[in-house]
2 protein chains.
Amino acid sequence: MAFNSRPNLRQIATELGLSVTTVSRALKDGPEVRPDTIQRVKAAANAAGYVPNLHGRALRMGLTRTLTAILPMETRDYLSDIAKLPLIEGMTLAARERGFNLSVFSTTPEEDPQENLSTLIQTGGSDGIIITRMVSEDPRIPFLLERKIPFIAFGRSGSALDYSFVDVDNEGIAFEATQMLIARGCRRVALQLLSRDDQYSAARMRGYIKATEQAGLPIDLQLVGQEDFTMEASEGWISRLLDLPDPPTGLVCANELGLLGALSATRRKGLAVGRDFHIVVRDSTHICRYLSVPLAAHTVDMVVVGRSLVEGLIQQITEPEAPRMQHVIEGKIEIIASL
Amino acid sequence: MAFNSRPNLRQIATELGLSVTTVSRALKDGPEVRPDTIQRVKAAANAAGYVPNLHGRALRMGLTRTLTAILPMETRDYLSDIAKLPLIEGMTLAARERGFNLSVFSTTPEEDPQENLSTLIQTGGSDGIIITRMVSEDPRIPFLLERKIPFIAFGRSGSALDYSFVDVDNEGIAFEATQMLIARGCRRVALQLLSRDDQYSAARMRGYIKATEQAGLPIDLQLVGQEDFTMEASEGWISRLLDLPDPPTGLVCANELGLLGALSATRRKGLAVGRDFHIVVRDSTHICRYLSVPLAAHTVDMVVVGRSLVEGLIQQITEPEAPRMQHVIEGKIEIIASL
DNA sequence: TTTGCCAATCGTAACGTTACGATTGCCAGC
DNA sequence: GCTGGCAATCGTAACGTTACGATTGGCAAA
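Just so we're clear, the structure is a prediction, and the values are computed from it rather than from any experiment.

**Topic: the environment of B:Gly128**
Residues and elements named next belong to chain B.
Okay, step 1: Note that Gly128 resides in strand β3 (residues 128-131).
Okay, step 2: In sequence terms Gly128 and Leu67 are 61 residues apart; their C-alpha atoms lie 5.2 Å from each other.
Okay, step 3: Ignoring sequence-local partners within four residues, the contact set of Gly128 consists of Leu67, Pro150, Phe151, Leu313, Gln316 and Ile317.

Below you can see the structure in the form of structure tokens.
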């Protein structure tokens, strides 16, 4: 179907003088069909350009071979969304390899995520859902579990429920980042958190505290900021910290926007980043390479994350009884430009 | 289908003591059904949470209500791909409004586009295709036209064939950009073109020449560079131009990477951008806002482009005889940060 | 009462696939 | 020659939907 009238099983069957059943079985190497018949059928199917009709198959088998990823866009600024590109790439590549299609369902922040989910489920035509941007005790998790809809989450929700997820090791990332700054001589390190994502922030906070305590340094909650950091908000926040009597000399940034705000603030104070002030940024796509500023970045391969999400979801669809994938992906620190 | 067993027409029909046919017709306000029956059916369908099964319908009607967008990723650098995010957003939103799903087919540059197209067509399950990154005399156009596969292209191919496309007014953009630089006093303006896309480059070249000639200035082809500009390549190219005895004082950039290279080169030469040297950049997502450099950007609303592509494609699918959409979208110049 | 008409509803087939049980043909064993 | 068993193949039904022609019932006209 879809575009033009493509050959179907019946056409191939009559062409070969076989039944539809035999052709169907032959194409999937059914043991009931004689090997030479299988060869004949495959040759004919190939010649005719036969490809199974997805809808016929889906109707019969209750399987769509389509996965749907729900991707909320920040809209305010696509720079914050750039990590979604390698994510999409990883997801579609992995899906293609397994014979699935990836449907993308982009949403705006104004829309209710729950609402969207219902719409999507009703629209049907998908074997499973990839949800992102998890929040603490995310209501979508019980919602989907109750309805027995296969799904996988990018990010943990902190709920005790048993569900599939792939997450980035935020605790490890924050730990290593803080440790690195301390090793460079920063005795007071600022930590930038995002307000919207509790789990993410909690994990980073744990890593930060662990590294600070391990170094025998005191924890000063003044140095931890958690808000919805735009570039301006980030600039204001770091400016205020730099005005403290005992200002921080290192910063663990939340994301690219946080970095840009911090750079702006340090420039204004006349601090040289990489000498007077050290920054570790979370960067999924090496944008910060282009800033020509000495800093370190903790990067995570989002293509791998995307692939992993798709694989976990497909596993859940094909083997519902298998244990859920719960995969935490490590990042790695890279020096973007040294002093 | 899809996930769980949802109510179907038959269930609702037996529940109401009606036939499947009547229920089906009632749900689409068929004139053959009594108004109060329609009410009853709709109420029951609503209560049961009935939603038509896409595959049953697709099988019967030969329509998938799915569109597929083929998106080649640069991989080397997602920064060059960031415009795809608003594009995706526009496409999915418009598709959703019209009851279509958007399937994304991400490809890597190593893959053969033609090959990909065949795979995709064979996979089926799509009513139409959105192709991007058109090249001169793009072979995909006759390929798809021959097979009568509904498609729309983002970008023109320069071929004389009659097909649907949405394109950005590159000639107008280059014209306005050049004109603006000349108005700011630049008597020699450099133009940066990309090697991969002939149509794009040719259009920009036309706009550049038109503006230069209109101002009565000579055309110097030394100032026009066409290559695969990475940030480094761009920096090298503009550095060489600045070493000329009569260097340019203005630049029309190809994209974000070109801008970053140019900024790096001017910084090294000690030129103040916005005073000694003027830049107009093509920017689809306002990334350049974050550079805090005085420059002008020619922006195109990629959400609009995405919506337009989807609308053109759906039109072609639903009304095959209607004229093809051939839509050129204007950009607009914005001063990002003035001196 | 019969006929004709129209509105309302129903039954059947078909889209292309796969699951499952039925059928065919062949050959060994008696 | 008949039976049992097995390999190979076939036929039918079903998934949920819609198109199309058939059927029903009621009521007005003859």
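**Topic: the relation of the copies chain B and chain A**
Okay, step 1: Under the fitted operation, chain B is carried onto chain A by 0.1 Å of movement along the axis and a turn of 180 degrees, and the coordinates agree to an RMSD of 0.2 Å. The relationship between the two copies is best expressed as a two-fold rotation axis. Nearest to the rotation axis, the C-alpha of B:Ser103 is located 2.1 Å from it, this being the minimum over chain B.
Okay, step 2: Interface overlap between copies is the fraction of interface residues in one copy that are interface residues in the other; for chain B against chain A it reaches 100%, indicating a shared surface.

**Here's the deal with unusual backbone geometry**
Okay, step 1: Positive phi values are uncommon outside glycine, yet A:Glu137 reaches one of about 50 degrees.
Okay, step 2: If you trace the backbone, A:Glu137 turns up in the loop between β3 (128-131) and α7 (140-146).
Okay, step 3: For A:Glu137, a count of 14 C-beta atoms within 10 Å translates into the label partly exposed.
Okay, step 4: Of note in the backbone geometry, B:Arg133 takes a positive phi value of approximately 60 degrees without being a glycine.
Okay, step 5: Within the secondary structure, B:Arg133 is located in the loop between β3 and α7 (140-146).
Okay, step 6: A count of 18 C-beta atoms within 10 Å places B:Arg133 in the partly exposed class.

**Things to note about the interface of chain B and chain A**
Many descriptions give the size of an interface as the accessible area lost when the pieces come together.
Okay, step 1: Across the boundary between the two partners, chain B contributes 49 residues, which contact 49 residues of chain A.
Okay, step 2: At seven residues, the largest contribution of residues to the side of chain B that touches chain A is made by helix α5 (residues 84-97) of chain B.
Okay, step 3: Its residues assigned to classes, the side of chain B that touches chain A shows 25 nonpolar, 18 polar and six charged.

**Quick notes on the protein's contact with DNA strand D**
Okay, step 1: Near DNA strand D lie 24 residues; those nearest to it are A:Thr21, A:Glu32, B:Asn8, B:Leu9 and B:Gly56.
Okay, step 2: Broken down by secondary-structure element, the contributors of at least two residues to the surface near DNA strand D are α2 (20-27) and α4 (54-61) of chain A together with α1 (9-16), α2 (20-27) and α4 (54-61) of chain B.
Okay, step 3: Ranked by residue count, the leading element in the surface near DNA strand D is α4(B), at five residues.
Okay, step 4: Here the surface near DNA strand D is composed, by residue class, of nine nonpolar, nine polar and six charged.

**What about the pairing of strand β1 (residues 66-72) of chain B?**
Looking along a regular strand, one sees the side chains alternate between the two faces of the sheet.
All names here are of chain B.
Okay, step 1: Most of β1 is tucked away: six of the seven residues are buried.
Okay, step 2: Sheet topology places β1 next to β3; three bridges connect them, and they run parallel. Directly across from Ala69, in β3, lies its bridge partner Ile130.

**Side note on the packing of helix α5 (residues 84-97) of chain A against helix α12 (residues 302-318) of chain A**
Residues and elements named next belong to chain A.
Okay, step 1: The interhelical angle for the contact between α5 and α12, taken along N-to-C directions, is 40 degrees, at an axis separation of 7 Å. In terms of orientation, α5 lies oblique with respect to α12. Here the hand of the crossing between α5 and α12 comes out right-handed. Judged by residue contacts, Pro86, Leu87, Ile88, Glu89, Gly90, Met91, Leu93, Ala94 and Ala95 of α5 engage Met302, Val303, Val304, Val305, Gly306, Arg307, Leu309, Val310 and Glu311 from α12.

**A look at the sheet that holds strand β10 (residues 296-299) of chain B**
Residue and element names in this part refer to chain B.
Okay, step 1: The strand order across the open sheet built from six strands is β7-β6-β8-β9-β10-β12, with neighbouring strands paired in mixed fashion. Only two strands of the sheet have a single partner each, and these edge strands are β7 (224-227) and β12 (332-335). Going from strand to strand, the sheet's axes swing by 20 degrees on average, the running direction of each strand aside.

**Topic: the confidence of the model for chain A**
Okay, step 1: Per-residue confidence for chain A gives a mean pLDDT of 87, with 95% of residues at or over 70.
Okay, step 2: Predicted confidence in chain A is weakest over helix α6 (residues 113-123) of chain A, with a mean pLDDT of 71, and strongest over strand β11 (residues 326-329) of chain A, with 96.

**A look at the protein's contact with DNA strand C**
Okay, step 1: Near DNA strand C you find 24 residues, and of these A:Asn8, A:Leu9, A:Gly56, B:Thr21 and B:Glu32 are the closest.
Okay, step 2: At the level of elements, α1 (9-16), α2 and α4 of chain A together with α2 and α4 of chain B are the ones that each hand at least two residues to the surface near DNA strand C.
Okay, step 3: Examining the composition of the surface near DNA strand C, we find that five residues originate from one element, α4(A), more than from any other.
Okay, step 4: Along the lines of polarity and charge, the residues of the surface near DNA strand C split into nine nonpolar, nine polar and six charged.

Parameters and conventions
- Residue positions within a chain follow its written sequence, with the count starting from 1.
- All chains are assigned letters beginning with A, and all ligands numbers beginning with 1, in the order in which they are written.
- The predicted nature of this model means local features are confined to residues of pLDDT at least 70 and side-chain atom pairs, given and counted, to a pLDDT of 80 or more, with totals for whole chains, interfaces and linings taken over all residues.
- The secondary structure listing takes helices from DSSP runs of H or I that are at least 4 residues long and strands from runs of E that are at least 2 residues long, numbered from the N terminus.
- Throughout, a pair of residues is in contact if the C-beta atoms placed from their backbones lie within 7 Å.
- We superpose the copies by least squares over the C-alpha atoms of residues that have a pLDDT of at least 70 in both of them.
- Neighbour counting defines burial: a residue surrounded by 20 or more other C-beta atoms within 10 Å of its own C-beta is buried, one with 12 or fewer is exposed, and intermediate counts give partly exposed, using backbone-placed C-beta atoms.
- Under the scheme applied here, ten amino acids are nonpolar (Ala, Val, Leu, Ile, Met, Phe, Trp, Tyr, Cys and Pro), four are charged (Asp, Glu, Lys and Arg), and all others, including Gly, are polar.
- Think of it this way: take the backbone, place a C-beta atom on it, and check whether that atom is within 6 Å of the molecule or strand, in which case the residue is near it.
- DSSP bridges decide pairing: two strands pair if at least two such bridges lie between them.
- Interaxial angle, 0 to 180 degrees, is taken between N-to-C directions of lines fitted to C-alpha atoms, where a helix line uses only the stretch in contact.
- Roughly parallel covers angles under 35 degrees, roughly antiparallel covers those over 145, roughly perpendicular covers 65 to 115, and oblique covers all other angles.
- Helix crossings fall into two classes, left-handed where the near helix is turned counterclockwise from the far one by less than a right angle and right-handed where it is turned clockwise.
- On a range of 0 to 100, pLDDT expresses the predictor's confidence in each residue.

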